[in-house]
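Letter by letter, the chains look like this.
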Amino acid sequence: MEKVKVRVKGKEYEVEKGTPLGRVFELAGIRDAIGGVLEGELIDLQTPLRRGGEVKPVYRGSREGLEIMRHSLAHIMAQALKELYGPSRVRLGVGPTTEEGFYYDVEVEGKTITEEDLPKIEEKMREIIRRDYPILRRELSREEALELFKRLGERYKLDIIRDIPEGEAISVYEQGDFVDLCRGPHVPSTGKVGSFKLTSVSGAYWRGRSDQPQLTRIYGIAYWSDKELRERLKFYEEVKRRDHRRLGRELEFFTIDDNVGAGLILWLPRGAIYRKVLEDYLREEHLKRGYQLVYTPHVGKSKLWETSGHLECYRENMFPAMKIDDEEYYVKPMNCPFHIAIYKSRVRSYKELPLKLFELGTVYRYELSGVLHGLLRVRGFTQDDAHIICTPEQVDDVIRETLEFALSTLKDFGFDEFKIYLSTRPEYSIGSDEQWERSQNALRKAIEGLGYEYEVDEGGGAFYGPKIDVKIRDALGRMWQLSTIQFDFNLPERFDMTYVGADNKRHRPYMIHRALLGSIERFTGILLEHYAGLLPIWLSPTQVIVIPIADRHHGYAREVLERLRSEGIRAEGDFREERMNAKIRDAELKKIPVILVVGDREMQSGTVSVRSKKEGNLGSMELSRFVEWIKEKIRNKE
RNA sequence: GCUGGCGUAGCUCAGUCGGCAGAGCGCGGGAUUUGUAAUCCCGUGGGCGCGGGUUCGAGUCCCGCCGCCAGCUCCA
């Protein structure tokens, strides 16, 4: 009999090949493990050892164990469904784990599972957990497996079995009278799982293909302890509380009107002020760095989009054509062809490169109605878009400067945690080896030069060039992709872009697309959620609200207001016949960063009583001192 | 687009078995002149998403449409 050598806790054990891991743990005196990691592979106690190596035991409460336990919960849910609705009515798809828990795709004949059914299913699951069935692994031959699942009427499982490569073991796991095709791993018995909650149901196509039947996907989240589970549920509450669609309405930033159209944003006055500040900032920063501002139209002739290749490759994302004077026009989904037309408006010399054209360009893209989501996924949006056209020699400097610009911009909005991704040449691509080499090097050097970690997505670039994407982490720990810096070897060819070099010959320039925030709309959604609606003072539509206590203070309040406004501070007054407390409450709910209360005392001494949303009541301050105080905060982008 | 859920006042929601459409907030008017998160009183506001059908009678039941929300990538 063949033997394998397994090392556990520094000791080596030689056992027959195929011995279950649990047996080895017994020899090693390990009692309460629920599984193990064999050379990086997560296995359970019943997994037969087919190779040797180092094994680390996995216990309840551990991270690796979480994966095992969640997987078992998916099975327990499937068993519960079979018990509730009858085994022959329930057909199972796949039931994997997710980052937070698990799901199972199922089909229940003659019944649509809704969220109302979830408590009942949970209750049945708890019952199965209490019964503490041992979970047993069995390996079957292909024929046995096909026979078994045919008998059970599990047509989806049969699909899966057919896809398992020859020679790979086919295993099933049994608990009570429930049996499921499964690679494992699983906990030793149904009683050894953690806390869970079923959260939602949705439709999901079998194998993710729309030509396949749609199953019901039931989601659950699971953690080892009640405490962790409660914390995660609280996190979801927080996500809901911070939903930018709700904040956008409460703060009167934007609205979406059915009569205007789905995915089309109407910016309300308060949102518009914020947007103006944001856009002014962007334009200033671009001018500082030698970009030139341009404006381009919203539509262009079909010929333009033919040349650019958009009609060929991007048509399904474009709004359909409109006919004008026997000529077809398309609403722009991108700004590049226009920026290229600007570049080509005259002969360009190498002396004026790099040429950096910047536009807050509003584009329209057709998105499926089902994917639209507040500001985060829309059909019309404004990009902070630029195209940089340069010589090959300038590529390194241009990229370094651009990446630096992107990161410093993100930092200005309060994002300091980034993840940078470098996507390289895919299998099918255009452009020369030299172009790819030079560009990829420039991107890599730029990231390394700034001392950042990055991940390489090998072959993940577009067919027309490599790129860097920057993702940020928001206050809730979620990652969002914002900046992108992307080479394009395609458009300069298609549009025959050239510059005259020092040699008085025509050369092909390099072109780079880049966006820092991506889209103003989407970025605003992310920002609202990141700050839970409490924007930094420099971005707040109203920075200060002046609250007079009684009518006799209105005159002084107006003086204060005027002074603030003359200093360029966005200030408002609350002159309603309301009690001070009510006015403060309203201002707090509107998340206005600073409240100035003025009454008899302030009027006499020429001061204001400062209450900051962040820091609470700060007491009285001379008016001029307050002006300095808040200007300092605005300057520092607090 | 597909599947499921939901559409009642500007907002958040209640409306039982099919039997006179409600509450709070908001908004308007009045009283109150107030020191750090809701003063009181009165009033206003609804084609119950749209269109059909069943019924003596439909917010409620049935059918069709529209809109919104969630999911549709993570391979037993």
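Please read all numbers here as calculations on a predicted model, not as lab measurements. (Residues numbered from 1 in each chain as written. Chains lettered and ligands numbered in written order. Predicted model: local features only at pLDDT ≥ 70, side-chain atom pairs only at ≥ 80, totals over all residues. Heavy atoms only, no water.)

### Things to note about the nonpolar core
Here is the rule we go by: By convention a nonpolar core is built from buried Ala, Val, Leu, Ile, Met, Phe, Trp, Tyr and Cys residues, the set being connected through side-chain atoms within 4.5 Å. When accessible area is computed with a 1.4 Å probe and restricted to protein chains, residues below 20% of their type maximum are described as buried, those above 50% as exposed, and intermediate ones as partly exposed. A run of H or I in DSSP counts as a helix once it spans at least four residues, and a run of E counts as a strand once it spans at least two, with each numbered from the N terminus. By the convention used here, residues are in contact when the closest approach between their heavy atoms is within 4.5 Å.
In this structure, I399, F413, I468 and F523 are the most contacted members of the largest nonpolar core, which totals 59 residues. Of all the elements, helix α12 (residues 395-412) adds the most residues to this core, at eight residues. In contact with I399, other than residues within four places in its own chain, are A442, L443, A446, I485, F487 and I512. With 42 residues, the next largest nonpolar core counts L81, Y104, I113 and I128 among its residues.

### Looking at the sheet that holds strand β16 (residues 299-301)
Quick note on the threshold: Strand pairing is assigned whenever DSSP detects at least two bridges linking the two strands. Axis geometry follows a simple rule: fit a line to the C-alpha atoms, using only the stretch in contact for helices, then measure angles between N-to-C directions, giving values from 0 to 180 degrees.
The strand order β16-β18-β17 describes an open sheet built from three strands, whose pairing is antiparallel. Only two strands of the sheet have a single partner each, and these edge strands are β16 and β17 (322-324). Strand-to-strand twist in this sheet, taken as the mean axis angle between neighbours without regard to direction, amounts to 40°. Both β17 and strand β18 (residues 327-331) contribute to a ladder of three bridges, which runs antiparallel. By the bridge assignment, I324 is partnered in β18 with E327.

### Quick look at the pairing of strand β1 (residues 3-8)
Side chains V4, V6 and V8 project from β1 onto a buried face, and the interleaved K3, K5 and R7 project onto a face without burial. The hairpin formed by β1 and strand β2 (residues 11-16) contains two residues between the paired strands, and K9 there has a positive phi angle of roughly 50°. Across three bridges, the pairing between β1 and strand β5 (residues 53-58) is parallel. Among the inter-strand pairings, R7 is bridged to a residue of β5, identified as E54.

### Digging into the packing of helix α2 (residues 63-85) against helix α3 (residues 118-131)
Worth spelling out the cut-off: We call two directions roughly parallel when the angle between them is under 35 degrees, roughly antiparallel when it is over 145, roughly perpendicular when it lies between 65 and 115, and oblique otherwise. It is the rotation of the near helix from the far one that decides the hand of a crossing: anticlockwise by less than a right angle makes it left-handed, clockwise makes it right-handed. Gly counts as polar in this scheme, as do all residues outside two lists: the nonpolar Ala, Val, Leu, Ile, Met, Phe, Trp, Tyr, Cys and Pro, and the charged Asp, Glu, Lys and Arg.
Running from N to C, α2 and α3 point in directions that differ by 110°, and their axes come no closer than 8 Å. In terms of their interaxial angle, α2 and α3 are classed as roughly perpendicular. Like other packed secondary-structure pairs, α2 and α3 cross with a definite hand, here right-handed. In this structure, α2 contributes L73, I76, M77, Q79, A80, L81, E83, L84 and Y85 to the contact, and α3 contributes K120, I121, K124, M125, I128, I129 and R131. Here the contact of α2 with α3 is built from residues that sort into eleven nonpolar, one polar and four charged.

### Digging into the sheet that holds strand β6 (residues 90-92)
In any sheet, the strands associate via hydrogen bonds between backbone groups, in a parallel or an antiparallel arrangement. The four strands are arranged β6-β7-β12-β11 in an open sheet whose pairing can be described as antiparallel. Unpaired on one side and paired on the other, β6 and β11 (195-205) mark the two borders of the sheet. Neighbour-to-neighbour, the strand axes of this sheet turn through a mean angle of 35°, independent of strand direction. Each of β6, β7 (101-108), β11 and β12 (214-223) touches α2; the most contacted strand, β7, lies at about 25° to it. Running at roughly 125° to β11, α3 makes contact with β7, β11 and β12 of the sheet.

### Digging into the protein's contact with RNA strand B
Selection criterion: Neighbouring residues are identified by heavy atoms, a residue being near a molecule or strand if any of them is within 4 Å of it. Under the rule applied, a polar contact is a pair of N or O atoms within 3.5 Å (in protein, one hydrogen donor and one hydrogen acceptor; residues adjacent in sequence only if both atoms are side-chain atoms).
By nearness alone, 51 residues border RNA strand B, and L181, C182, S369, E577 and S609 come closest of all. Contact distances for RNA strand B include 3.1 Å between a phosphate oxygen and a side-chain N or O atom of R245. Note that a base nitrogen of RNA strand B is positioned 2.6 Å from one of the side-chain N or O atoms of R585. Of all the secondary structure elements, the ones that give two or more residues to the surface near RNA strand B are α5 (155-163), β11, β12, α7 (244-250), α17 (580-589), α18 (600-605) and β31 (607-612).

### A short note on the pairing of strand β19 (residues 355-364)
With nine of ten residues buried, β19 lies mostly within the body of the structure. Pairing between β19 and strand β20 (residues 380-390): ten bridges, direction antiparallel. When the sheet's bridge partners are listed, L360 is paired in β20 with D384.

### Observations concerning the environment of L42
Tracing the sequence through the fold places L42 in strand β4 (residues 41-44). Considered as a pair, L42 and E64 are 22 residues apart in the sequence and their alpha carbons are 7.5 Å apart. Ignoring any residue separated from it by four or fewer positions in sequence, one finds L42 in contact with G36, V37, V58, E64, E67, I68 and P185.

### Examining the packing of aromatic side chains
The test is simple: Put simply, two rings from Phe, Tyr or Trp (the six-membered ring, in Trp's case) pair if the centres are within 6.5 Å, and we call them stacked under 30 degrees between planes, edge-to-face over 60, tilted for the rest.
Inspection of the entire model under this criterion finds 19 aromatic pairs. With a centroid separation of 5.5 Å and 55° between ring planes, the pair formed by Y103 and Y219 is classed as tilted. Linking Y103 in strand β7 with Y219 in strand β12, this pair joins segments that are 116 residues apart in sequence. Relative accessible area serves as the criterion here: at 27%, Y219 is assigned to the partly exposed category. Measuring from ring centre to ring centre gives 4.9 Å for F413 and F523, while their planes differ by 80°; the resulting arrangement is edge-to-face. Separated by 110 residues along the polypeptide, F413 in the loop between α12 and β21 (418-423) and F523 in helix α15 (residues 520-530) bring together distant segments of the chain.

### Observations regarding the environment of E638
Mapped onto the elements of the fold, E638 is located in the segment after α19 (623-635). Relative accessible area serves as the criterion here: at 38%, E638 is assigned to the partly exposed category. Spatially, the C-alpha atom of E638 lies 51 Å from that of K505, the residues being 133 residues apart in sequence. Apart from the residues lying within four places of it in its own chain, the contact partners of E638 are P536, I537, W538 and K633.

### A word on the domain arrangement of chain A
Quick reminder of the rule: Note that the domain bounds reflect an automated or database-derived domain assignment.
On domain assignment, one finds that chain A holds domain 1 (3-59), domain 2 (64-241), domain 3 (273-296 + 335-529) and domain 4 (544-635). Summarising the inter-unit geometry, the C-alpha centres of domain 3 and domain 4 are found 42 Å apart.

### Some thoughts on the side chain of R275
If you trace the backbone, R275 turns up in helix α8 (residues 269-288). In contact with R275, not counting residues within four places along its chain, are W267, T382, I520 and E521.

### Quick look at the pattern of salt bridges
Worth spelling out the cut-off: A carboxyl oxygen of Asp or Glu within 4 Å of a side-chain nitrogen of Lys or Arg is what we treat as a salt bridge.
By the definition in use, this model includes 59 salt bridges. Here E139 and R137 are joined by a salt bridge, their closest N and O atoms 2.9 Å apart. Residue classification places R137 among the buried positions, given a relative accessible area of 15%. Measuring nitrogen to oxygen at the nearest pair gives 3.0 Å for the salt bridge that ties R478 to E529. Here R478 is found in the loop between β23 (467-473) and β24 (479-488), whereas its partner E529 is found in helix α15, with 51 residues between them in sequence. Summarising the burial analysis for this pair, R478 and E529 share the class buried. Through salt bridges that share partners, R275, K276, E279, D280, R283 and E521 make up one connected network.

### Points about the side chain of T362
On the secondary structure map, T362 appears in strand β19. Among the polar contacts made by the side chain of T362, one reaches the side chain of T382 at a distance of 2.8 Å. When neighbours within four sequence positions are excluded, T362 is seen to be in contact with H298, K332, N335, F381 and T382.

### Digging into the packing of α12 against helix α13 (residues 433-449)
The relative placement of two packed helices is expressed as an angle between their axes plus a distance between the axes. Taken N-terminus to C-terminus, the directions of α12 and α13 make an angle of 40°; their axes are 9 Å apart at the nearest point. In terms of orientation, α12 and α13 fall into the oblique class. As α12 runs across α13, the sense of the crossing is right-handed. Contact residues: V395, D396, I399, R400 and L403 in α12; R438, A442, L443, K445, A446 and I447 in α13. Taken together, the residues of the contact of α12 with α13 break down into seven nonpolar, no polar and four charged.

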